[in-house]
Amino acid sequence: MTLPENHPQRFVINNEAHARPSEPLKPPLSISYIALFADAKDRDRDWEPLVELTQRHGMAPPAESSSHFSADLGAFRLKWERHTEFTRYTFMCEESRSAPFRTIAIEHVPEDWLVALPGQIIVAAHAAYVLESDDARYDAIGQRYFGDKPIVGASVGGKAATALTDFHIQDDGFSRWLLLGGGMRPMQAGRTMQRLLEIDTYRLMALLALPVARDLAPFLAENERELASITNAISDADVAEETNILDRLTRMEAAIEGRYVDNHYRFSAASAYYDLVKRRIGELREERISGLQTFREFTERRLAPAMNTCVAAASRQEALSRRVSRASQLLATRVSISQQGQNQALLESMDQRARLQLRLQQTVEGLSVAAITYYVVGLINYLTKGINSFGIAANANLIVAISIPVVLFAIAFGVRHIRRRVTDAKDRSA
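Residues numbered from 1 in each chain as written. Predicted model: local features only at pLDDT ≥ 70, side-chain atom pairs only at ≥ 80, totals over all residues. Heavy atoms only, no water.

Asker: Before we go on, may I ask you to explain the packing of aromatic side chains in this structure?
Answerer: Given two aromatic rings, their pairing is described by the distance between the two centres and the angle made by the two planes. Applying the stated criterion across every chain yields a total of 11 aromatic pairs. Each ring, one from Tyr202 and one from Tyr273, has its centre 5.9 Å from the other, and the planes form 20 degrees; the classification is stacked. Taken as a pair, Tyr202 in helix α6 (residues 186-207) and Tyr273 in helix α8 (residues 239-284) lie far apart in primary sequence, 71 residues in all. Comparing Tyr202 with Tyr273, the two get one shared label, buried. In this structure an aromatic cluster arises from ring pairing among Phe76, Tyr89, Phe91 and Trp113. Sitting above the plane of the Phe101 ring, Arg176 keeps its charged end 4.5 Å from the centroid. Its guanidinium or amino end placed over the ring of Tyr274, Lys278 lies 4.3 Å from that ring's centre, counting from NZ or CZ. (Phe/Tyr/Trp six-rings, centres within 6.5 Å; stacked < 30°, edge-to-face > 60°. Helix = DSSP H or I, 4+ residues; strand = E, 2+ residues; numbered from the N terminus. Buried < 20%, exposed > 50% of the residue type's maximum accessible area, 1.4 Å probe, protein only. Lys NZ or Arg CZ within 6 Å of the ring centre and 35° of its normal.)

Here is the structure:
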């Protein structure tokens, strides 16, 4: 059957639903898990160790664009997952039947390869999936496998198994998880173990925002005091001080926006990780074991206040940014009004000077008309006297007297005509 052309993203988005599948697990099983926090440089290299390890075992590596990979490497089974901020490695091998944590899966991994992994460890955990312990007393189980620290646990998967941990990092640098019970199908056990490890991972990834929120608090307090000082100064500031205040506000706004750019992603990521923690706990379908804290109770006791601190810091930062922006707009409006007043005064002054120049020009024009008339009439007088010298009788005084108003009118009309032509030419050029 011939079908229309596939959308270029059809298979990519369909396969996303099958990304990072859980591994089927059968007891007894030892699991070692590490999550490596990676910056952009390390994320570009996180595929290289996987290529090296698979080549050591004579296997073809996955494509560089892959987000997950799993393979049986003989002494252990590997599961690799690439995430936005971290890369996860899960190593699995058969557990000793005598007791959990006697066999450590990561001990089968080449040490030189482990040391060279790019990134920084954010989570390292040993997990054991075994059948139900003969000793059902959880205080004894805790003492045996977790030391003297109180354990957290619950029945999970509809009471098909029991999950236990203490959320502490042991002396070897690993935390411990214990999954007891053989009532789970392999895929169900794999999903449950994956959720447990993801709870620990996402919990710590969410808490990465807490130090950021704590470091941000003094900065916000200092800038809030500075903003209050500036706001009070705005009402009493004169024109000379407004520019200085606007400069202070501009520097403050730049500093706040810089911090916002630096930590906005961290706060947003923390919120997303926190939602994932709550979702994974809900998927466990945990039921209380008498005398033990459930996973929800433990995480909410400390994680929820930490996330509230982060939310409060982010909200406080955004509120401060809005307040600084409003203060800047207020001051800018005030400076603009002051400038408009200054411009108005300048325009009035220029208009006054223009009127004075016009009056002076009119006065000069009047004097010019009188002076030109005087010289022209004088020429007429000389001309009349010259005519008398040729024997032609002419009354010089009468001719001069008559010419004065005629010459005056003609010169005044000519000057006015010239001024009008100049004015019209200036208007057309404008």
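There's plenty left to go through after this.
Asker: What exactly am I supposed to notice about empty space enclosed by the protein here?
Answerer: Rolled over the atoms, a probe sized like a water molecule indicates the empty space that remains. All told, the structure shown has 1 cavity of 30 Å³ or more when counted by the stated rule. Roughly 120 Å³ of volume is contained in the largest cavity. As for the largest cavity, its lining consists of 13 residues, and the residues nearest its centre are Lys79, Thr90, Met193, Gln194 and Leu197. Mapped by element, the contributors of at least two residues to the lining of the largest cavity are β1 (29-37), β3 (77-82), β4 (86-94) and α6. (1 Å grid on protein atoms, 1.4 Å probe; cavity = no way out; pocket = protein on both sides within 12 Å on 5 of 7 lines; lining within 4 Å. Points joined across faces, edges and corners; volume = space filled by probe spheres on them.)

Asker: Just checking my understanding: could you explain the side chain of His126 for this structure?
Answerer: Within the secondary structure layout, His126 lies in strand β5 (residues 120-130). Classification of His126 as buried rests on a relative accessible area of 5%. Separated by 3.0 Å, the side chains of His126 and Ser32 make a polar contact. When neighbours within four sequence positions are excluded, His126 is seen to be in contact with Ile31, Ser32, Phe101, Ile104, Ile106, Asp172, Phe174, Ser175, Arg176 and Trp177. (Polar contact = N/O pair within 3.5 Å; in protein donor to acceptor, adjacent residues only side chain to side chain. Contact = heavy atoms within 4.5 Å.)

Asker: Is there a simple way to think about the environment of Ser66 in this case?
Answerer: Mapped onto the elements of the fold, Ser66 is located in the loop between α3 (48-56) and β2 (68-72). Apart from the residues lying within four places of it in its own chain, the contact partners of Ser66 are Trp80 and Arg82.

Asker: Help me out: how do you make sense of the pairing of strand β7 (residues 161-165) in this one?
Answerer: Within a regular strand, the side chains alternate between the two sheet faces. Summarising burial for β7: 5 of the 5 residues are buried, a large majority. The side-chain alternation of β7 yields two buried faces, one formed by Ala161, Ala163 and Thr165 and the other by Thr162 and Leu164. Relative to β7, strand β6 (residues 152-156) runs antiparallel, the two sharing 5 bridges. Bridge pairing links Val152 to Thr165 in β7. Linking β6 to β7, which pair antiparallel, is a turn of 4 residues; within it Gly157 sits at a positive phi near 65 degrees. (Pairing = 2+ DSSP bridges.)

Asker: Looking at this structure, how should I read helix α5 (residues 138-146)?
Answerer: Within an α-helix, residues lying three or four positions from one another point in the same direction, as the helix has 3.6 residues per turn. Turning to α5, its buried residues number three or more, namely Ala140, Ile141, Gly142, Tyr145 and Phe146. On the buried face of α5, the contacting elements are β7 and β8 (175-180). With its phi angle positive at about 80 degrees, Gly147 sits one or two positions after the end of α5.

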